[in-house]
Amino acid sequence: MRSDFGAKKLENKMAITEFLEKNRRLYGDEVALVEVNPEQEETRKITWKDYDLIQPTEKTFYRREITWRVFDEKANRVANMLLARGIKRGDKVAILMMNCLEWLPIYFGVLKSGAIVVPMNFRYSADEILYCADLAEVDVLLFGPEFIGRVEQIEEKLNKNRLLIYVGENCPTFAESYRELVADYPSKAPEIELKDDDDAAIYFSSGTTGFPKAILHTQSSLMHAALVEQKHHSTSRSDCFLCIPPLYHTGAKMHWFGSLVSGSRAVLLKGTKPEYILGTVSREKCTIVWLLVPWAQDILDAMDSGKIKAADYDLAQWRLMHIGAQPVPPSLVKHWLEYFPKHQYDTNYGLSESIGPGCVHLGVENTRKVGAIGVPGYGWECKIIDSETGREVERGKAGILYVKGPGVMKEYFNNPEATAEVLHDGWLDTGDVAMQDAEGFYYLVDRAKDVIVCGGENLYPVQIEDFLRKNDKIHDVAVIGLPDKRLGEIAGAVIQLKEGMTATEDEINQFCEELPRYKRPRKIIFAPVPRNPTGKIEKPKLRKMYGQEHLVAFENEG
């Protein structure tokens, strides 16, 4: 299926950095980015009078902001510094930092220099940092204060012909100071011509199925991501986007690209507590908020319990809540709209290999189809392929989702074998099992690698998880395959109950009697459900934790 926009030629004939320069010219003195950290106190007192809060408060917190002019000037200084230090077109510059005001100017500074920007996961261990630096052939690593210890562990191995730059106060002896370096360089843009097909960024796969792969994207990919986000959510100059997820991931950054295209303000929030999110929406007058499933569920749980009340916040301007990065339980959205009936809602599907969100999206006009991931996004095409025959399946049948569009990666960097496995004549094999209904909407059934084969029957964990989430006592759930001598695998449900709730295995089993017998979980485990920074359930970790334990148990029984 092809997007409604697919037949229209996309005008990507410019670099993503040109939007930043345009915003400097047109809106130079207007605020571009705000950084808020409710858990860190600031010496400057900020009170309710600054924000016209409904409920007065004297709590102080950390808040910084920069204008579009300062944003662009900082990016230019970074670019000129890198060029002066010998970095050239095609070299790799990694960013290992928590979300902060410096993050995006550094990202754009790398792009302006003609180098390839390499964002890194803030959860990486020292060994993983080294592994990814070697995999992407990184020439420069910029890192923040949270990573001094990890970088120091591998400093000798990292420092071979690599420049280590520290972004923060009290620079360690094995690195150079970012502040001292960039201060001496001009704020004028370097004369570096950027073209559509230039290599621009390397992102790493989430590693949920093994070691990360290095995903190479071009300038054209980044540009398309920006156009997709702005068009899908009609981001305008009057909007304010609240960004909570980590900027190293394609999802958060590409959603922010909508603000870049429209020249509108965005807020970087550190902290995911419900009161932090609603408080920031209220104070900063945010209109668009991208949440992960756990954060949306936390807000609902807090409102259900009475811990927070919408009436205590100024939320009238909040127009859109959208979710991505993982399957969204329809019950969650239905419950959300009970509290926020005027909200537009959207869900976005994408991979780092397809430059983040938007290759499939529900669309704000299709809330009636909640449960679907949607239709092809702006400029995208989709089809579902039978993994055995390689042919397109009929509507209503499950198969592997393939996507095609300007945002598909160029390759897995230096890995032609892995590239050949997923790229076929411009089509990307997502590895996700999906189906398409009669109206043309796509539904995510599951990850191909997560499908459980129980006695010859395919079980799709997402379907079972969606059912279990209807139980009012369940906060989060993950269904995984557990080894079984007779059936090969059985479905095990790892259930995280809501705070203060209790339940028994018998109670959950009775609840599951509405499911067909073959879909019912045969093992119930009450335990936390781990998720990575982008909200995806870490099922390999759960299979490792409970799969071996279950295997030993039934071997002992035998």
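Everything numeric in this text was worked out from a predicted model, so none of it was measured.

Draft legend 1. Layout of the side chain of Thr250. Among the structural elements, Thr250 can be located in helix α9 (residues 250–262). A polar contact is formed between the side chain of Thr250 and the side chain of Ser352, at a distance of 3.5 Å.

Draft legend 2. Spotlight on the sheet that holds strand β13 (residues 320–324). Here nine strands make up an open sheet; going across it, the order is β2-β1-β11-β10-β12-β13-β14-β15-β16 and the pairing mixed. Each end of this open sheet is capped by a strand with a single partner; those strands are β2 (62–67) and β16 (375–376). Relative to strand β15 (residues 356–361), strand β14 (residues 344–351) runs antiparallel, the two being bridged by four bridges. Residue pairing across strands places Asn348 opposite His361, the latter belonging to β15. Set on the sheet, helix α2 (residues 68–84) makes contact with β1 (31–37) and β2; between it and β2 the angle comes to about 80°.

Draft legend 3. Fine view of empty space enclosed by the protein. Applying the stated criterion across every chain, the model contains one cavity of 30 Å³ or more. By volume, the largest cavity is sized at about 50 Å³. If you go around the largest cavity, the residues you meet are Val293, Pro294, Gln297, Pro329, Leu332, Arg469, His475, Asp476 and Arg531. Elements represented by at least two residues in the lining of the largest cavity include exactly α11 (293–305) and β25 (474–484). Tallying contributions element by element places α11 first for the lining of the largest cavity, with three residues. For the lining of the largest cavity, a count of residues per class yields four nonpolar, two polar and three charged.

So, how was this worked out
Residues numbered from 1 in each chain as written. Predicted model: local features only at pLDDT ≥ 70, side-chain atom pairs only at ≥ 80, totals over all residues. Heavy atoms only, no water. Helix = DSSP H or I, 4+ residues; strand = E, 2+ residues; numbered from the N terminus. Polar contact = N/O pair within 3.5 Å; in protein donor to acceptor, adjacent residues only side chain to side chain. Pairing = 2+ DSSP bridges. Contact = heavy atoms within 4.5 Å. Axes fitted to C-alpha atoms, helices over the stretch in contact; angles between N-to-C directions. 1 Å grid on protein atoms, 1.4 Å probe; cavity = no way out; pocket = protein on both sides within 12 Å on 5 of 7 lines; lining within 4 Å. Points joined across faces, edges and corners; volume = space filled by probe spheres on them. Nonpolar A, V, L, I, M, F, W, Y, C, P; charged D, E, K, R; others polar.

Scope: geometric values only; no functional claims are made or implied.
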